[in-house]
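Secondary and tertiary structure notes
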Amino acid sequence: MSTAPAVAQATAAPPAEARSTGRWWTLGIVSIATFMLMLDLTVVNVALPDLRTSLHADFSALQWVLDAYALTLAAFLLTGGSLADRLGRKRVYTAGFALFTAASLACGAASGILALNIARGVQGVGAAVLFAVGPALIGQEFRGKDRGLAFGVFGGVSGLAIAFGPLIGGALTDGIGWRWIFLVNVPIGLLAMVLGVLRIGESRDPAAHRVDWAGLLVFSAALTLLVLAFLRGEAQGWTSGPILGMFGAAIVLLAVFVQIERSLGEAAMLDLALFRNLTFNGISAATLLANAAGMSAIFLQVSYMQNVLGYSPLATGLRFLPLTLTLFVAAAVTGSLTVKLPPRLLVGTAIALISGGLFLVTLVQPSSGWTALLPSMLATGLGMGMFNPPRASLSIGVAEPAKAGMAAGIGETFQQVGIAIGIAGFGALFQHRVTNAFATSTAGAQLGPQAREAGQAVAAGAGNELAGRLPDPLGGAVRAAAREAFVHGLTDVLIGCGAVAALGAVAGFLLIRTRDLHESALAGAELGGH
């Protein structure tokens, strides 16, 4: 069956004059939302020490501040994209914005760590809708070279938020308190919602079937259990009954989901035919691996800056400027290249740079200052900036416009699952390596039965506090051992991150092909490669 009528109906293109004005409003509103969402993935990092003190949270609870957001975000991305195709992308996008804004207010008003983590989970649901539908709204409005420009702006804004997250978080935390890293979303969200209602055009899949509620529930439950198992694995034991049970249940539910989607055919929320598209598989694998490695590395390096080198949140953000500025410039420049260079070249090169940057963290020694991170920052920033524009464009380029929400949703799912699993897995490995290194050190041995508990405190960033409570010369020895354990744990884990990113680069180079993209993504473009 020809796709031309469906494409024409799905885009429901207004007159050229209205579209010319409206599409830039759409790009601006989606960019504002994306900036807020990506900011909330990184801005919290520098506030974690303040959160630990203010809300009396331990290392596990602090991880949940990041993971609760990533967990629900990952679990509901495909749901948000699929609902948007059926119910209307503008309508669902506006509802997601309202939920995200209300949850941000609840985060800022939280009286305890449990309340904060619950609010972060709700915030993640709203963010999932915005992440999934935003690229589809852009893809609906832009074609050819203009699409490359639009996704360049989109990628640049994403990169800007990731890059400046530590600086903005530091300024807010040092200036007016950690609560404002959430409360600042409220006025911005309200303004963007009003503009969206007035300026974004509605679109949906004209051939959409009824909502696939069974698929939505089963897929969301499967992803929730899968990510939760990774998040809790280190604390409860990877071979413990609850963790193995969650992994097993997730696999069973994913198998059930596949059967549900096969039985529904055209009414399914996920077009399983996408998995026969080599480029879809390539960009999905590259996205998951790059984010698992890159975002985990930023989390650990921010912790190193603050907890080992002793910089304040604002000072930490300022020292991340080499990464942030490189990332932003690279993202802006790469946008125009998405219609000129083969996508596999852009994606593979970008992730290879991320991998090389992570390996460069081995230059850091226990006696090093923050400048030892500069080579890593520059290479990683360049790679992360280059990666965002082609990733966003490819995620919807593999599907016809009528299914843009679904395609964007599954693409963002791989990104957020990568972030959640990466932070959980590499965070657990880091905690294990640091705890063991400290507990087996000469200073740690002097603490006797408390050595492992002290090692866990060192991994959580409380090494200097621990040393400060001990008399000299033991306090000085513990401080030196804590620093050495933390740095060796950091370099060991980031070598692992670099290896994972290298696998993502291989996937990008070998599995992404221009000929696999839908004709709507190629119209008017000058893409190279096959």
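Throughout, residues of each chain are indexed from 1 in the direction in which the sequence is written. Two thresholds apply to this predicted model, a pLDDT of at least 70 for residue-level local features and 80 or more for giving and counting side-chain atom pairs, whereas whole-chain, interface and lining totals are computed over all residues. By convention in this description, side-chain values take in all heavy atoms of the structure and omit both hydrogens and water.

Any carboxyl oxygen of Asp or Glu that lies within 4 Å of a side-chain nitrogen of Lys or Arg is treated as forming a salt bridge with it. With the rule as written, the count across this model stands at 1 salt bridge. Residues R433 and D492 are paired through a salt bridge, measuring 2.8 Å at the closest nitrogen-oxygen approach. Linking R433 in helix α17 (residues 404–439) with D492 in helix α21 (residues 474–511), this pair joins segments that are 59 residues apart in sequence. Helix and strand labels come from DSSP, where a helix needs a run of H or I of at least four residues and a strand needs a run of E of at least two; each type is numbered from the N terminus.

In this section: the packing of helix α5 (residues 89–108) against helix α6 (residues 113–141). Between α5 and α6, whose axes approach to 8 Å, the crossing angle comes to 150°. As far as their axial angle goes, α6 and α5 are roughly antiparallel. Here α5 and α6 pass one another in a crossing that is left-handed. Note on residue classes: Ala, Val, Leu, Ile, Met, Phe, Trp, Tyr, Cys and Pro are nonpolar, Asp, Glu, Lys and Arg are charged, and everything else, Gly too, is polar. Class assignment of the residues belonging to the contact of α5 with α6 gives a composition of 18 nonpolar, 6 polar and 2 charged. Note on definitions: angles span 0 to 180 degrees between N-to-C directions of axes, and those axes are lines fitted to C-alpha atoms, for helices only across the stretch in contact. What sets the label is the angle itself: under 35 degrees gives roughly parallel, over 145 gives roughly antiparallel, 65 to 115 gives roughly perpendicular, and the rest give oblique. Helix crossings are classified by the rotation of the near helix relative to the far one: an anticlockwise turn of less than a right angle makes the crossing left-handed, while a clockwise turn makes it right-handed.

This brings us to the packing of helix α12 (residues 278–307) against α21. In helix packing, the relevant descriptors are the interaxial angle and the interaxial distance, both defined with respect to the helix axes. The interhelical angle for the contact between α12 and α21, taken along N-to-C directions, is 160°, at an axis separation of 8 Å. With respect to each other, α12 and α21 are oriented roughly antiparallel. Viewed along their axes, α12 and α21 form a crossing whose handedness is left-handed. Considered class by class, the residues forming the contact of α12 with α21 number 19 nonpolar, 7 polar and no charged.

The next point concerns the packing of aromatic side chains. Working definition: an aromatic ring pair is given by the centre-to-centre distance plus the angle between the planes. For Phe, Tyr and Trp, rings pair up if their centres lie within 6.5 Å, where Trp contributes its six-membered ring, and each pair is then called stacked (planes under 30 degrees apart), edge-to-face (over 60) or tilted (otherwise). Inspection of every chain in the model, using the stated rule, returns 6 aromatic pairs. Measuring from centroid to centroid gives 5.0 Å for F430 and F486, while their planes differ by 75°, and the two rings are edge-to-face. Taken together, the positions of F430 in helix α17 and F486 in helix α21 put the pair 56 residues apart, joining distant regions of the chain. A simple rule labels every residue: compare its accessible area, found with a 1.4 Å probe on the protein chains alone, to the largest value its type can have, and call it buried under 20%, exposed over 50%, or partly exposed in between. On the basis of relative accessibility, which here comes to 2%, the residue F430 falls in the buried class. For F486, a relative accessible area of 2% puts it in the buried group. Ring-pair connections join several aromatic residues into one group, and the members of that group are F275, F280 and F414. Lysine and arginine charges are scored as sitting over a ring when NZ or CZ, respectively, is within 6 Å of the ring centre and within 35 degrees of the ring normal. Taking NZ or CZ as reference, R120 lies 4.4 Å from the ring centre of Y69, over its face.

Among buried residues, those of type Ala, Val, Leu, Ile, Met, Phe, Trp, Tyr and Cys that are joined through side-chain atoms within 4.5 Å constitute a nonpolar core. Of all hydrophobic cores here, the largest spans 147 residues; its most connected members are V44, L51, Y93, L116, Y304 and F438. Looking at this core, the element that brings in the most residues is helix α4 (residues 59–87), giving 16 residues. The residues contacting L116, other than those within four sequence positions of it, are L51, L55, V65, C107, A110, W178 and F182. The contact rule is simple, with two residues in contact once any of their heavy atoms fall within 4.5 Å.

Its 17 residues give helix α15 (residues 343–359) an end-to-end C-alpha distance of 25 Å, which sits within 8% of 24 Å, the value for a rise of 1.5 Å per residue. Every buried residue belonging to α15 is among P343, L346, V347, G348, A350, I351, I354, S355, G357 and L358, and all of these are buried. Considering only its buried residues, α15 is in contact with α12, α14 (321–337), α16 (374–397) and α21. By this rule the span expected of a helix is its residue count minus one, scaled by 1.5 Å.

Definitions used throughout: a 1 Å grid over protein atoms alone; a cavity as a set of points that fits a 1.4 Å probe which cannot get out; a pocket as an open set with protein on both sides within 12 Å along at least five of seven lines; a lining residue as one with an atom within 4 Å of a point. Grid points are joined across faces, edges and corners, and a volume is the space filled by probe spheres set on the points. Scanning the model with the defined rule gives 8 cavities of 30 Å³ or more in all. Here the largest cavity is characterised by a volume of approximately 190 Å³. Taken together, 17 residues form the lining of the largest cavity, with L48, F299, S303, N307 and A460 sitting closest to its centre. If you list the elements that add at least two residues to the lining of the largest cavity, you get α3 (48–55), α4 and α12. Sorting elements by how many residues they give to the lining of the largest cavity places α12 first, with 6 residues. Per-class residue counts for the lining of the largest cavity are 11 nonpolar, 5 polar and 1 charged.

Here we come to α3. When α3 is considered as a whole, its buried residues turn out to be L48, P49, L51, R52 and L55. Down the axis of α3, the buried side of the element spans an arc of 165°, and every buried residue falls inside it. In the segment just after α3, H56 is the residue with positive phi, at about 55°. What the arc measures is the spread of directions leading from the helix axis to the C-beta atoms.

Here the focus is the environment of S355. The topology assignment puts S355 in helix α15. Taking the relative accessible area as the measure of exposure, S355 reaches 5% and is therefore buried. S355 sits 143 residues away from G498 along the chain, and the two C-alpha atoms are 4.3 Å apart. Setting aside its immediate chain neighbours within four residues, S355 contacts G498, A501 and A502.

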